[in-house]
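In case you want the letters, here they are:
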Amino acid sequence: MTSRPSSSPTSPPPPGPLATSAPPISPQLLHRVGAGALEWLAANRTHFRARTDASTSALEIGERFKPIGELAVIGKVLFREGVAGSQQSAIIRKLLDYAWREVLDGGELLAWLQRREPLSPIPLELYVPFQELGYRNQEVEGRARLARGLTSWTALEMAPNRRLGLARVEIRAGLPPSIEVAEAARRTWLGRTPEPWTAVYHIAYDVTHTVFHLTDWGEHPEALPTDIADYLELWLPVWIEDWASVEHWDLLGELLVVDACLPRPTLDPAAWQLYAAAQQPDGAMPVQRTLPPGDPADTFDLAYHPTLVAAFASVMATSRAMTALTVPQP
Amino acid sequence: MVVLALRGGGDPFDLLGSVLSRSDDPATVAAVRVLGADAFAPCTLRGKTPTDADVALVEGAVGAFPPKPGASSASAWSHWGMRAALHRVRTGAPGPDLGPEPDPETGWVASEPWQRMTHQLSQLAALAVPGLPSPLAAAVAKRPVDLARGFVRAVRRRDWLQAAGAGRWLAVTEGVPASLGLDGGLDLIHHMGAADARVALQVRAAQLAREGASG
């Protein structure tokens, strides 16, 4: 795989021609989805927290790492993109502060997991976005270096797109990658550019995550290899239509992020209209169709992921839409 | 019968003989309207010779149901396809010579979204014949990627008939992305959908076109 020639990340090509004759999507609509999602996340931040009193089982604590990790990764994206406005920036900063100090106990919860499971990649995966924002914990870093030195760490069996993600995380942490990124990418489903009509539900998530890892969660869209970008340009419109038509907002949101990572994003107006209309008045995004009734405490575990994705898709698409407005068409 | 002949069996090809019917039987004439140009698919795709009675049958169908003024583009093109197939089996000439009548319009191929374009083209798959130049094929040639997207959509929805029709157009169109995996897709459609003879017909026609193109 060849890398796309490095173009300045500040001047990506403008969006390509739209698949339909609908007018281009308004940046206001894109922004509104993200603002609503962020409000919901901030209002419900305490539900990210793991219970860690003496009676809490390790299994229960472990189950909280997934939402915390996703909050860390996407919170970093929101902070980085900075297109959400100064009010939103303050909300994001407070949310990340809360996640680091209260949810992760200043990194102690990550060190706790490292002591229990020295080979688990989860603590490093969660730590890196915080580290990049200036939150540090020496014990976590020391234990990560120790683990990375073991052959066993590099030999751990995991899905190819997870292995790719770990290689990027290692690089971002200043550690040597367990596998070359290009080789790791080639081993993923997307890296083989297979028949697009075989992309079922779980494969679609493998695709989105391969793109997230290759671009450092949208920070470097130009890092997407040319053959993969070309492949996605061909087939992503079909997958977006596919999952929009069954109202699977969680997967649709991830696919809209992938679109925003392409050299010529479509920012598909029809899909974005449907997506925005699916968001609840309080900002929560349903997984599929609608959320079951109940207050946020009951529905948090269902809603937090699609709502984080909504915030992610919103900032990425808003950023690309703004670029298209400011960069003259060729 | 048509599918059997496309697979290489059923010699000689004798549509009327296979249903023990006469060329002026109204039910048979109507059935040929449904098949459209594919009534002669074994002749246009595999070089078989039609019986005189079958030629008379298709002539009768063409004459009995001319498209009315303002008819849909689909029915106008279906009629065009039958006339072209008739011309081809009578004269052996590859292209149609259809006289002074204007060709049906093709603007919708360029203007419809890829989903609707694919859906409508799949209903006109009888016109997707190698070596049959038509204004319709020329319009399709400008949108191979969109047609390929429609094929993916149809397979994902398990709409085997639409997928087979789209696949047949793809088989005679240049510029189809290699990553589509058309041959494997046609095999899958046949495996899943060939209980419907119309699916079997379209897939076999597409495969014959692919074999002709590669060999």
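Residues numbered from 1 in each chain as written. Chains lettered and ligands numbered in written order. Predicted model: local features only at pLDDT ≥ 70, side-chain atom pairs only at ≥ 80, totals over all residues. Heavy atoms only, no water.

Participant: Residues and numbers for the overall build of chain B, please.
Facilitator: Within chain B one finds 13 helices and zero strands. Counted from the first residue to the last, chain B has its helices and strands arranged as α-α-α-α-α-α-α-α-α-α-α-α-α. Compactness check: chain B gives a C-alpha radius of gyration of 16 Å against a globular reference of 17 Å for 215 residues, within 12% of the reference. The buried share of chain B, taken over its 215 residues, is 52%. (Helix = DSSP H or I, 4+ residues; strand = E, 2+ residues; numbered from the N terminus. Rg over C-alpha atoms; globule rule 2.2 N^0.38 Å. Buried < 20%, exposed > 50% of the residue type's maximum accessible area, 1.4 Å probe, protein only.)

Participant: So what's going on with the environment of Ala-71 of chain B? Residues and values would help.
Facilitator: Relative to the helices and strands, Ala-71 of chain B is located in the loop between α5 (52–64) and α6 (73–91). Its relative accessible area of 32% is what places Ala-71 of chain B among the partly exposed residues.

Participant: Can you explain unusual backbone geometry? Please cite residues and give values.
Facilitator: In this model, Asp-11 of chain B is joined to Pro-12 of chain B through a cis peptide bond whose omega is -15°. At Glu-247 of chain A, a position not held by glycine, the phi torsion is positive, near 55°. Inspection of the secondary structure assignment puts Glu-247 of chain A in the loop between α11 (226–245) and α12 (249–260). Since its relative accessible area comes to 32%, Glu-247 of chain A is described here as partly exposed.

Participant: Now, about the pattern of salt bridges: what can you tell me, with residues and values included?
Facilitator: Residues and elements named next belong to chain A. Under the defined criterion, the tally for this structure stands at 29 salt bridges over all chains. We note a salt bridge from Glu-132 to Arg-172, for which the minimum N-O separation is 2.8 Å. With Glu-132 in helix α5 (residues 122–132) and Arg-172 in helix α8 (residues 160–172), the pair connects residues that are 40 residues apart, well separated along the chain. Here the salt bridges do not stand alone but share partners, grouping Lys-76, Arg-80, Glu-81, Glu-132, Arg-172 and Glu-219 into one network. (Salt bridge = Lys/Arg side-chain N within 4 Å of Asp/Glu carboxyl O.)

Participant: Before we move on, could you go through the packing of aromatic side chains and cite the residues and values that matter?
Facilitator: Residue and element names in this part refer to chain A. Following the criterion strictly, the structure yields 17 aromatic pairs over all chains and no others. Judged by centre distance (6.1 Å) and plane angle (45°), the ring pair of Trp-100 and Tyr-127 falls under tilted. Here Trp-100, found in helix α3 (residues 86–103), pairs with Tyr-127, found in helix α5; they are 27 residues apart in sequence, far enough to count as distant. Both residues of the pair, Trp-100 and Tyr-127, belong to the buried class. Ring centres of Phe-300 and Tyr-304 lie 5.6 Å apart, and the angle between their planes is 20°; this geometry places the pair in the stacked category. With Phe-300 and Tyr-304 both in helix α14 (residues 296–326), this residue pair falls four residues apart, about one helical turn. Overall, the relative accessible area of 2% leaves Phe-300 in the buried class. Here Tyr-304 falls in the buried class, since its relative accessible area comes to 5%. Through a chain of ring-to-ring contacts, three or more aromatic side chains come together here, namely Trp-40, Phe-48, Phe-300 and Tyr-304. (Phe/Tyr/Trp six-rings, centres within 6.5 Å; stacked < 30°, edge-to-face > 60°.)

These values are about where atoms sit, not about what they do.
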